[in-house]
Amino acid sequence: MGGSSTMEDDWELTSTNDAMTLVLVGKLGYGKSATGNSILGRKAFVSRSCMTGVTGTCQLESTVLKDGRTVNVIDTPGMFDWSVGSEEIGKEIVKCVNMAKDGIHAVIMVFSIRSRFSEGEETTLERLQMFFGERIVDYMIIVFTGGDDLEEDESFTEYLSRVPKPVKTIIQMCNNRVVLFNNKTKDKNEKNAQVQQLLFHVDSVIANNGGKPFSDEIFRELKKGALRLHDKEKVIENLKGYSAEQIAVLKKEIYKSYDDQLARITEMVEQKLNSTIERLEKELAEEQAARLEAQKIAEDARLKSDDEIRKLKKSLEKAQKETEEFRKLAQGGRCAIL
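As the structure is a prediction and not an experimental result, all values here were calculated from the model. (Residues numbered from 1 in each chain as written. Predicted model: local features only at pLDDT ≥ 70, side-chain atom pairs only at ≥ 80, totals over all residues. Heavy atoms only, no water.)

Participant: Any chance you could explain the overall build of the protein chain here in plain terms?
Facilitator: In terms of helices and strands, the protein chain carries 9 helices and 6 strands. Among the 338 residues that make up the protein chain, the fraction classed as buried is 40%. In the protein chain, 72% of the contacts between residues at least 6 apart in sequence involve partners at least 24 apart. (Helix = DSSP H or I, 4+ residues; strand = E, 2+ residues; numbered from the N terminus. Buried < 20%, exposed > 50% of the residue type's maximum accessible area, 1.4 Å probe, protein only. Contact = heavy atoms within 4.5 Å.)

Okay, here's the thing in structure tokens:
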């Protein structure tokens, strides 16, 4: 980071109670950036209609609501897409947390009506919970993009009734905090209504969590380092009798110290991510083993049933044959008497 690591650039030390930070998460190409633009009321994030995703790194943009509150929106890439590796994910998480400053007031999990749901939807939530803890769900709101693609004769409620069970479970875990977004609409009333509905849920999340944003060890470590950097900057600014060159050297040293701390925190995040991956892989392996065992038991039961049916059929055929022979024998005996 070098000389660009100033507190004014990347950390707000004074907490403002009327500011709230929203973080957009979800799979690449689901419309996180477009949703962020809708919330902000302007085209701040690059957004295109594609399934590969446009956002390559975390970005923060802000707006001021009519009531005077500031809303910070953080757009993320596929932050829990394991295919990019824990090192890249770790860097993005640290960057996101650094941007979130005093904490996250709401996590906006974005789905798309246009896309088919996969196991990835469920694992995104599992990864968030494993990494940040179970209580992250208390801060989550679901947004479905692609409202313009909803069938004319189908309501949003009807659509939700037919989503896969894992998605229904996620919605239930979030206490049905779910909003439909049409990011392509030109209708100002529709734009305003969907943003207001989202902000209603955000206010509900804030109230339910006692006004306290989500924070954990990573947030605390980053803030401690930021405060130390800020204090050192102030000391250097107040130094007397030093040349500009000497001041520059001192600043370079404190920025290097701050960068070293960021590197240590990033490494800590990577280790936590690797631990999370191992736990998920272990759980997945156990689930697959249990599924295979259940399939084997079911198959054994089916084979046993088929074998018993064959034996029963054979016994029935034998009994029928014996009955027929006995009937013929009885008929032959009557003829002989006559």
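Participant: What's the story with the pairing of strand 2 (residues 59-64) in this structure? I'm lost.
Facilitator: Along a regular strand, successive side chains alternate from one face of the sheet to the other. Note that strand 2 and strand 3 (residues 70-75) share 6 bridges and pair antiparallel. The residue bridging T63 from the neighbouring strand is V71, located in strand 3. (Pairing = 2+ DSSP bridges.)

Participant: Quick question: what am I supposed to make of the nonpolar core here?
Facilitator: Nonpolar side chains tend to gather and get buried jointly when the protein is soluble and globular. Counting 74 residues, the largest nonpolar core has I108, M109, I142, F144 and L198 as the members making the most contacts within it. For this core, the element with the highest residue contribution is helix 9 (residues 244-337), accounting for 8 residues. Contact partners of I108, with chain neighbours within four places excluded, come to L22, V23, L24, V25, I141, V143 and L198. (Core = buried A, V, L, I, M, F, W, Y, C linked by side-chain atoms within 4.5 Å.)

Participant: Explain the pattern of salt bridges here, please?
Facilitator: When the charged atoms of two side chains with opposite charge come close together, those side chains can pair. Enumeration over the complete set of coordinates arrives at 12 salt bridges. For the salt bridge of D260 with K256, the shortest nitrogen-to-oxygen distance reads 3.2 Å. Linking D260 with K256, this pair stays in helix 9, spanning 4 residues, or about one helical turn. In this structure K256 comes out as exposed when scored by relative accessible area, which is 52%. Note that E299 is salt-bridged to R302, the shortest N-O span being 2.6 Å. Residue E299 and its partner R302 are located together in helix 9, separated by 3 residues, close to a single helical turn. Through salt bridges with shared partners, a single ionic network connects D67, R69 and D203. (Salt bridge = Lys/Arg side-chain N within 4 Å of Asp/Glu carboxyl O.)

Participant: How do you make sense of the packing of aromatic side chains when you look at a structure like this?
Facilitator: When we look at a pair of aromatic rings, we describe it by the centre distance and by the angle of the planes. By the definition in use, this model includes 6 aromatic pairs. Seen in terms of ring centroids, F144 and Y159 are 5.8 Å apart; in terms of plane orientation they differ by 80°. Their pairing is edge-to-face. Taken together, the positions of F144 in strand 5 (residues 140-145) and Y159 in helix 5 (residues 156-161) put the pair 15 residues apart, joining distant regions of the chain. When sorted by exposure, F144 lands in the same class as Y159, which is buried. Taking the centre distance of 6.4 Å and the plane angle of 10° together, the rings of F156 and Y159 count as stacked. With a gap of 3 residues between them, F156 and Y159 both fall in helix 5, about one helical turn apart. Residues F156 and Y159 agree in their burial class; the two are buried. Every member of this aromatic cluster is reached through a ring pair, and the members are F111, F144, F156 and Y159. (Phe/Tyr/Trp six-rings, centres within 6.5 Å; stacked < 30°, edge-to-face > 60°.)

Participant: Quick question: what am I supposed to make of unusual backbone geometry here?
Facilitator: Only a minority of non-glycine residues have a phi that is not negative, and only a minority of peptide bonds are not trans. Unlike most non-glycine residues, N175 shows phi in positive territory, near 55°. With relative accessibility at 56%, the residue N175 sits in the exposed group. The phi torsion at N176 lies on the positive side, around 60°, for a residue other than glycine. Of note, N176 is situated in the loop between helix 6 (165-173) and strand 6 (178-180).

Participant: I'm lost on the pairing of strand 4 (residues 106-112) in this one. Help?
Facilitator: In terms of burial, strand 4 is a largely internal element, 7 of the 7 residues being buried. Side-chain alternation along strand 4 places A106, I108, V110 and S112 on one buried face and V107, M109 and F111 on a second face that is also buried. With 4 bridges connecting them, strand 1 (residues 19-25) and strand 4 associate as parallel partners. Bridging from a neighbouring strand, V25 pairs with M109 of strand 4.

Participant: Before we go on, may I ask you to explain helix 2 (residues 32-40) in this structure?
Facilitator: Spacing of three or four residues puts side chains on the same side of an α-helix, whose turn is 3.6 residues. Among the 9 residues that make up helix 2, 9 are buried, leaving the element largely enclosed by the rest of the structure. Those residues of helix 2 not exposed but buried are K32, S33, A34, T35, G36, N37, S38, I39 and L40. In this structure, the buried residues of helix 2 make contact with strand 1, strand 2, strand 3, strand 4, strand 5 and helix 7 (188-208). Two residues or fewer after helix 2 comes G41, characterised by a positive phi angle close to 80°.

Participant: I tried to follow the side chain of N72 on my own but got confused; where do I start?
Facilitator: Relative to the elements of secondary structure, N72 occurs in strand 3. A relative accessible area of 9% means that N72 is categorised as buried. A distance of 3.4 Å separates polar atoms of two side chains, one belonging to N72 and the other to T21. Discounting residues that sit within four places of it in the chain, N72 has contacts with M20, T21, L22, L60, E61 and S62. (Polar contact = N/O pair within 3.5 Å; in protein donor to acceptor, adjacent residues only side chain to side chain.)

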